[in-house]
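Chain by chain, the residues:
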Amino acid sequence: MATGLVFSLAALLGDSMTSFIKRRLGLVSGGHAPGLDQVLESLLPLLVVQHGFDLAQSGMLGVVITFIILDLIFWRYSRPVSLAD
């Protein structure tokens, strides 16, 4: 249970760090920054639990790349549809 909590908190911290960086870059709130949006949110939790689960760097890279690809695919369909589209 503690591992899940730490993993979740690391994901939230990664998301918060990404939001901070996006604000400094002048991106709008809720704006999409492909790559940046996904990397810290997926990589930071993996780094935090890496030693406890003996995760290889190649496996972690595969998880991050998969997360990026899936997020980019599903982001397109999660946007609100407007009449102008």
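Keep in mind it's a predicted model, so treat the numbers as computed, not measured. (Residues numbered from 1 in each chain as written. Predicted model: local features only at pLDDT ≥ 70, side-chain atom pairs only at ≥ 80, totals over all residues. Heavy atoms only, no water.)

Student: Quick question: what am I supposed to make of the overall build of the protein here?
Tutor: Per the secondary structure count, the protein includes three helices and zero strands. Each helix (α) and strand (β) of the protein, taken in turn from the N terminus, gives the series α-α-α. Across its three principal axes, the protein shows a C-alpha extent of roughly 50 × 25 × 25 Å. Considering the protein as a whole, with its 85 residues, one finds that 21% of them fall into the buried category. Restricting to contacts in the protein with at least 6 residues of sequence separation, those with at least 24 account for 52%. With the model as given, the accessible surface of the protein reaches about 6200 Å², and the carbon-plus-sulfur share is 68%. The protein carries 5 positive and 6 negative side-chain charges, and their two centres are separated by 10 Å. (Helix = DSSP H or I, 4+ residues; strand = E, 2+ residues; numbered from the N terminus. Buried < 20%, exposed > 50% of the residue type's maximum accessible area, 1.4 Å probe, protein only. Contact = heavy atoms within 4.5 Å. Areas by Shrake-Rupley, 256 points an atom, 1.4 Å probe, with all protein chains shown as cover. Lys, Arg positive; Asp, Glu negative; His and termini not counted. Charge placed at Lys NZ, Arg CZ, Asp CG, Glu CD.)

Student: Help me out: how do you make sense of the pattern of salt bridges in this one?
Tutor: Oppositely charged side chains can form a pair if their charged atoms are brought close together. Per the stated rule, a full pass over the model turns up one salt bridge. Between K22 and D37 there is a salt bridge; the shortest N-O distance is 2.9 Å. Of this pair, K22 sits in helix α1 (residues 2–24) while D37 is found in helix α2 (residues 36–53), placing the two residues 15 residues apart along the sequence. Per residue, the accessibility class of K22 equals that of D37, and both read buried. (Salt bridge = Lys/Arg side-chain N within 4 Å of Asp/Glu carboxyl O.)

Student: Just to check I follow, could you spell out unusual backbone geometry for this structure?
Tutor: The phi torsion of most residues other than glycine is negative, and most of the peptide bonds are trans. The phi dihedral of D54 is positive, around 55 degrees, even though this residue is not glycine. Tracing the backbone shows D54 in the loop between α2 and α3 (57–78).

Student: I tried to follow a nonpolar patch on the surface on my own but got confused; where do I start?
Tutor: On the surface, L61, I65, I69, L70, I73, F74 and Y77 cluster together to form a nonpolar patch covering roughly 740 Å² of accessible area. For I65, the position within the fold is in helix α3. Look at I65 and you get partly exposed, because its relative accessible area is 42%. (Patch = residues over 30% accessible without salt bridge, like charges linked within 9 Å, V, L, I, M, F, W, Y side chains within 5 Å.)

Student: For this particular structure, what's the right way to read the confidence of the model for the protein?
Tutor: A low pLDDT means the predicted coordinates there should not be read in detail. For the protein, mean pLDDT is 86; residues scoring 70 or higher make up 91% of the total. α3 is the least confidently modelled element of the protein, averaging 88 in pLDDT, while α1 averages 92, the highest of any element. (pLDDT = per-residue confidence, 0-100.)

Student: Looking at this structure, I do not really get the side chain of Q38. What am I missing?
Tutor: Along the polypeptide, Q38 turns up in helix α2. Only 2.4 Å separates the side chain of Q38 from the side chain of D71, close enough to count as a polar contact. Not counting residues up to four positions away in its chain, the partners in contact with Q38 are H32, A33, F67, I68, D71 and L72. (Polar contact = N/O pair within 3.5 Å; in protein donor to acceptor, adjacent residues only side chain to side chain.)

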